[in-house]
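Each chain, written out:
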Amino acid sequence: MSTSTVQMKMLVIDDSLPYVEALYRDVQRFNIQLRHAGSLEEGRELFEGPEGASIAGVILDVKCLKARHQTVPDSSFITAAIKYFGEKASHLPLVVLTGETDQYQNLKELYEGTLRIYSKGRDENEMIAFMLAEAEKLDWIRLRHSYADVFAVVDQHLDKEAEQELISCLKEMDNTDFTVIKNSLSCLRRLQEKIYLAVNRADRELLPNRFVGGELNIVGAYKHLSETGQVERYKIIDRFAELIYKITSDNGAHTPHANPKYPPTRYSVHAVTYAMLDLLLWFGSLMENKNRLL
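Conventions used here
Residues numbered from 1 in each chain as written. Predicted model: local features only at pLDDT ≥ 70, side-chain atom pairs only at ≥ 80, totals over all residues. Heavy atoms only, no water. Pairing = 2+ DSSP bridges. Helix = DSSP H or I, 4+ residues; strand = E, 2+ residues; numbered from the N terminus. Right-handed = clockwise from strand over helix to strand, strands pointing away. Buried < 20%, exposed > 50% of the residue type's maximum accessible area, 1.4 Å probe, protein only. Arc of directions from axis to C-beta. Axes fitted to C-alpha atoms, helices over the stretch in contact; angles between N-to-C directions. pLDDT = per-residue confidence, 0-100. Polar contact = N/O pair within 3.5 Å; in protein donor to acceptor, adjacent residues only side chain to side chain. Contact = heavy atoms within 4.5 Å. 1 Å grid on protein atoms, 1.4 Å probe; cavity = no way out; pocket = protein on both sides within 12 Å on 5 of 7 lines; lining within 4 Å. Points joined across faces, edges and corners; volume = space filled by probe spheres on them. Nonpolar A, V, L, I, M, F, W, Y, C, P; charged D, E, K, R; others polar. Left-handed = near helix turned anticlockwise from the far one by under 90°. Phe/Tyr/Trp six-rings, centres within 6.5 Å; stacked < 30°, edge-to-face > 60°. Lys NZ or Arg CZ within 6 Å of the ring centre and 35° of its normal.

Draft legend 1. Up close: the pairing of strand β5 (residues 116-119). Where strand β4 (residues 94-98) lies against β5, four bridges are found, and the strand directions are parallel. Looking across to β5, one finds that leucine 97 is bridged to tyrosine 118. A crossover connection joins β4 to the parallel β5 through helix α4 (residues 101-110); in handedness this β-α-β unit is right-handed.

In structure tokens, the structure reads:
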């Protein structure tokens with residue numbers, strides 16, 4: 001069984017803490033991080049919270065609690081859980097675990113062709129292999145594989161919102177819908193802002209407060225970094241910083257008073273997105289160099 005090069009978070013809803021702890025240790029070997037909920041209510045809260053967007057799969061106990069205040073497993077849990085995740089996360093791999101031998105065959109027959117049913121204490125390796133293979137098909141997992149060096153920078157130095165915006169831009173690069181093009185350019189503008197804000201937070205000497213106080217002065221920020229030698233003047237990062245700002249400002253962040261003679265296309269999004277990837281790599285190097293000097 002192969003190990004994913006991207007750490008995946010998977011949600012397990014099971015009211016048996018000892019079992020979940022054992023499963024947690026098993027899946028860590030495959031770069032899977034479990035998020036545990038003891039009831040469907042808690043699982044819904046976790047999935048609809050900040051971490052929900054990074055969940056790559058769902059593991060359900062066949063008999064569990066529906067509400068956190070319950071003390072006895074509810075036999076209607078599995079029907080309610082399958083219905084909820086079928087509506088909210090039909091794109092995610094979902095499996096059912098049972099610890100009761102007599103239920104296993106009944107469930108296999110009931111969900112034949114629609115759901116994978118696994119037996120606790122016997123099928124964990126098979127289940128993990130299936131979940132990994134299915135999760136690898138998800139768009140955002142594939143993108144994190146393809147641009148692993150860039151996402152390593154985002155994970156370490158920016159927030160979850162930055163990760164989601166970068167994924168959105170990469171995913172929609174070939175979309176020709178003009179609204180989507182403008183949204184992608186707006187995302188890239190926000191990513192550029194996050195980079196300079198993070199540099200200021202890390203070291204106010206590198207990027208003084210005057211560039212980020214009140215309204216962020218992006219032009220002033222990238223010119224200052226060039227003038228102080230943090231960026232080579234007129235070289236790749238200097239040029240790309242200006243390109244990102246100019247294109248996203250004129251065509252994404254702001255609505256022009258008149259339609260431009262040549263509006264942005266998906267190729268414009270390609271150009272600015274790839275420039276952003278280089279800017280993110282430069283930002284990661286800057287932050288690493290700064291940390292080495294501490």
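The structure having been displayed, the exposition proceeds.
Draft legend 2. Layout of helix α7 (residues 148-157). Buried within α7 we find Val150, Phe151, Val153, Val154 and His157. Taken end-on, α7 shows its buried residues confined to a sector of 150°, consistent with a single buried face.

Draft legend 3. Geometry of the pairing of strand β1 (residues 8-13). Burial of β1 is extensive: six of the six residues sit out of reach of the surface. Along β1, one buried face is formed by Met8, Met10 and Val12 and the opposite face, lined by Lys9, Leu11 and Ile13, is buried too. Pairing of β1 with strand β2 (residues 32-37), which is carried by six bridges, proceeds in the parallel orientation. The residue of β2 that forms the bridge with methionine 8 is isoleucine 32. Running through helix α1 (residues 17-28), the crossover from β1 to the neighbouring parallel element β2 is right-handed. Note that β1 and strand β3 (residues 55-61) share four bridges and pair parallel.

Draft legend 4. Highlighting the sheet that holds β4. Across the sheet, which stays open at both edges, the five strands sit in the order β2-β1-β3-β4-β5 with parallel pairing between neighbours. In the strand order of this sheet, the two ends are held by β2 and β5, each with one partner. In this sheet, adjacent strand axes meet at a mean angle of 25° when their direction is disregarded.

Draft legend 5. Representation of the confidence of the model for the chain. Across the chain, the average pLDDT comes to 90, with 95% of residues at 70 or higher. Ranking the helices and strands of the chain by mean pLDDT puts helix α2 (residues 40-47) first, with 96, and α4 last, with 77.

Draft legend 6. Examining the side chain of glutamate 163 more closely. Tracing the chain through its elements places glutamate 163 in helix α8 (residues 160-171). Looking at glutamate 163, its side chain comes within polar contact range of the side chain of lysine 160, at 2.7 Å. Engagement of the side chain of glutamate 163 in a polar contact is seen with the side chain of glutamine 164, the distance being 3.4 Å. Ignoring any residue separated from it by four or fewer positions in sequence, one finds glutamate 163 in contact with Arg144, Phe151 and Val154.

Draft legend 7. Quick peek at the layout of surface pockets. Estimates place the volume of the largest pocket at around 280 Å³. Around the largest pocket, the lining comprises 17 residues; the ones closest to its centre are Thr114, Leu115, Arg116, Ile117 and Phe130. Looking at the lining of the largest pocket, the elements with two or more residues in it are α4, β5 and α5 (124-135). Taken together, the residues that form the lining of the largest pocket break down as nine nonpolar, two polar and six charged.

Draft legend 8. Local environment of the packing of α8 against helix α9 (residues 178-202). Closest axis-to-axis distance for the α8/α9 pair is 9 Å, and the angle between their directions is 145°. The crossing of α8 and α9 is left-handed. Residues Glu161, Ala162, Glu165, Leu166 and Cys169 of α8 lie in contact with α9, whose contacting residues are Ser184, Cys187, Leu188, Arg190, Leu191 and Lys194. Considering only residue class, the contact of α8 with α9 consists of six nonpolar, one polar and four charged.

Draft legend 9. Structural context of the packing of aromatic side chains. Using the criterion set out here, one finds four aromatic pairs in the structure. Ring geometry for phenylalanine 47 versus tyrosine 84: centroids 6.5 Å apart, planes at 85°, classification edge-to-face. Separated by 37 residues along the polypeptide, phenylalanine 47 in helix α2 and tyrosine 84 in helix α3 (residues 77-88) bring together distant segments of the chain. Taking the relative accessible area as the measure of exposure, tyrosine 84 reaches 6% and is therefore buried. Put simply, the rings of Phe47, Tyr84 and Phe85 pair up and form one aromatic cluster. Looking at lysine 120, its charged tip hangs above the ring of tyrosine 19, at a distance of 4.5 Å from the centre. Here the guanidinium or amino end of arginine 233 rests over the ring plane of tyrosine 234, the centre of that ring lying 5.8 Å away.

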